[in-house]
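Coordinate analysis (summary)
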Amino acid sequence: MSDFRFEKHQVAASLVLSTGAMRHGCFFVVTSVTHGGPERVGDLLNGALGFFPFQHDDGTTAQYNRTQLVMVRLPVGVVEEELEPGYSIATRRDVSVTLSTGTVVSGTVLVNATAGHERLSDYVRESKQFWYVLTSGGTLIVNSSHIVALVEKVTQ
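Per chain, the residues get numbers from 1 upward, laid out in the order the sequence is written. Residue-level local features of this predicted model are given only where pLDDT is at least 70; pairs of side-chain atoms are given and counted only at 80 or more, and the full residue set underlies all totals for whole chains, interfaces and linings. Working from all heavy atoms in the structure, the side-chain values ignore hydrogens and water.

A word on the pattern of salt bridges
- By definition, a salt bridge exists where a carboxyl oxygen of Asp or Glu is found within 4 Å of a side-chain nitrogen of Lys or Arg. Scanning the model with the defined rule gives four salt bridges in all.
- Ionic pairing is found between Glu-152 and Arg-93, a salt bridge with its closest N-O pair at 3.3 Å. Taken together, the residues Glu-152 in strand S10 (residues 147–152) and Arg-93 in strand S6 (residues 91–99) connect sequence positions 59 residues apart. Secondary structure elements are defined from DSSP: runs of H or I of at least 4 residues count as helices, runs of E of at least 2 residues count as strands, and each element is numbered from the N terminus.

Written as structure tokens, this is what we have:
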């Protein structure tokens with residue numbers, strides 16, 4: 001085996017593209033990385049610019065441009081956001097997210113910041129390109145470039 005080869009595993013997902021098309025298949029992520037655990041789909045998407053490989057359910061593989069990816073839907077039970085640093089102590093913000101496709105998603109974002117900087121406005125300035133949004137139907141990874149509006153839901 002080559003010294004440059006990494007063991008990978010598949011993570012099932014559905015892609016929503018800027019064209020409105022949906023693709024079903026899987027990502028291949030590295031089994032172990034230096035931050036103490038396996039690579040996550042969020043790590044892969046935030047790790048580089050340009051294209052990423054995605055294997056369709058029929059076995060074909062396509063290279064997709066990150067800028068044209070609106071969001072990724074992970075299967076129920078895949079909770080990679082729990083591996084985010086500070087997950088257990090992060091402030092939860094319930095939000096409504098309007099995407100460039102016209103889709104509106106309701107969910108929760110995790111704001112892990114220093115005291116006094118846990119507002120949603122702080123989160124959007126400091127966040128990565130791809131954000132985890134926790135929904136009742138599972139975890140989404142949303143491309144912040146395709147967010148038209150992000151509104152915090154006020155609880156009474």
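Now that the structure has been shown, we can carry on.
Observations regarding the environment of Glu-39
- Residue position: Glu-39 is located in the loop between strand S2 (22–30) and helix H1 (41–47).
- For the pair formed by Glu-39 and Val-70, sequence separation is 31 residues and the distance between their alpha carbons is 21 Å.
- One polar contact links the side chain of Glu-39 to the main-chain amide nitrogen of Val-30, over a distance of 2.8 Å. Throughout this description, a polar contact denotes any pair of N or O atoms lying within 3.5 Å of each other; where both atoms belong to protein, one of them has to be capable of donating a hydrogen while the other can accept it, and for residues adjacent in sequence the pair is counted only when both atoms sit in side chains.

Some points on the nonpolar core
- Leu-15, Phe-27, Val-41, Leu-45, Phe-52 and Val-72 are the most contacted members of the largest nonpolar core, which totals 19 residues.
- For this core, the secondary-structure elements that each account for two or more residues are strand S1 (8–17), S2, H1, strand S3 (51–56), strand S4 (61–65), strand S5 (69–73) and strand S8 (130–135).
- Note on definitions: a residue-residue contact is assigned when non-hydrogen atoms from the two residues lie within 4.5 Å. Once residues lying within four places of it in the same chain are set aside, the contact partners of Leu-15 are Ala-21, Met-22, Arg-23, Phe-27, Phe-52, Phe-54, Tyr-64, Leu-69, Met-71 and Val-72. For our purposes a nonpolar core is just a set of buried Ala, Val, Leu, Ile, Met, Phe, Trp, Tyr and Cys residues, chained together by side-chain atoms within 4.5 Å. Here the term buried applies to any residue with accessible area under 20% of the maximum for its type, exposed to any over 50%, and partly exposed to those in between, with areas from a 1.4 Å probe on protein chains only.

Quick notes on the side chain of Glu-81
- By the secondary structure assignment, Glu-81 is in the loop between S5 and S6.
- Within this scheme the basic residues Lys and Arg register as positive and the acidic residues Asp and Glu register as negative, but His and the chain ends are omitted. Buried and unpaired, Glu-81 has Arg-40 as its nearest opposite-charge partner, separated by 7.8 Å.
- Side-chain polar atoms of Glu-81 contact the side chain of Thr-139, separated by 2.8 Å.
- With residues up to four places along the chain from it excluded, the contact list for Glu-81 reads Tyr-87, Leu-110, Tyr-132, Leu-134 and Thr-139.

Regarding the packing of aromatic side chains
- In this analysis, rings of Phe, Tyr and Trp, with Trp reduced to its six-membered ring, are considered paired at centre separations within 6.5 Å, and the interplanar angle assigns stacked below 30 degrees, edge-to-face beyond 60, and tilted for intermediate values. Taken as a whole, this structure holds five aromatic pairs when the rule is applied.
- A ring pair is formed by Tyr-123 and Trp-131, whose centres lie 5.1 Å apart and whose planes are at 65°; its orientation type is edge-to-face.
- Residue Trp-131 is classed as buried on the basis of its relative accessible area, which comes to 6%.
- Taken together, the aromatic side chains of Phe-27, Phe-52, Phe-54 and Tyr-64 make up a single cluster linked through ring pairs.
- The rule for a charge over a ring is simple: NZ of Lys or CZ of Arg within 6 Å of the ring centre, and within 35 degrees of the ring normal. A cation sits over an aromatic face here: Arg-92 above Tyr-87, 4.7 Å from the ring centre.

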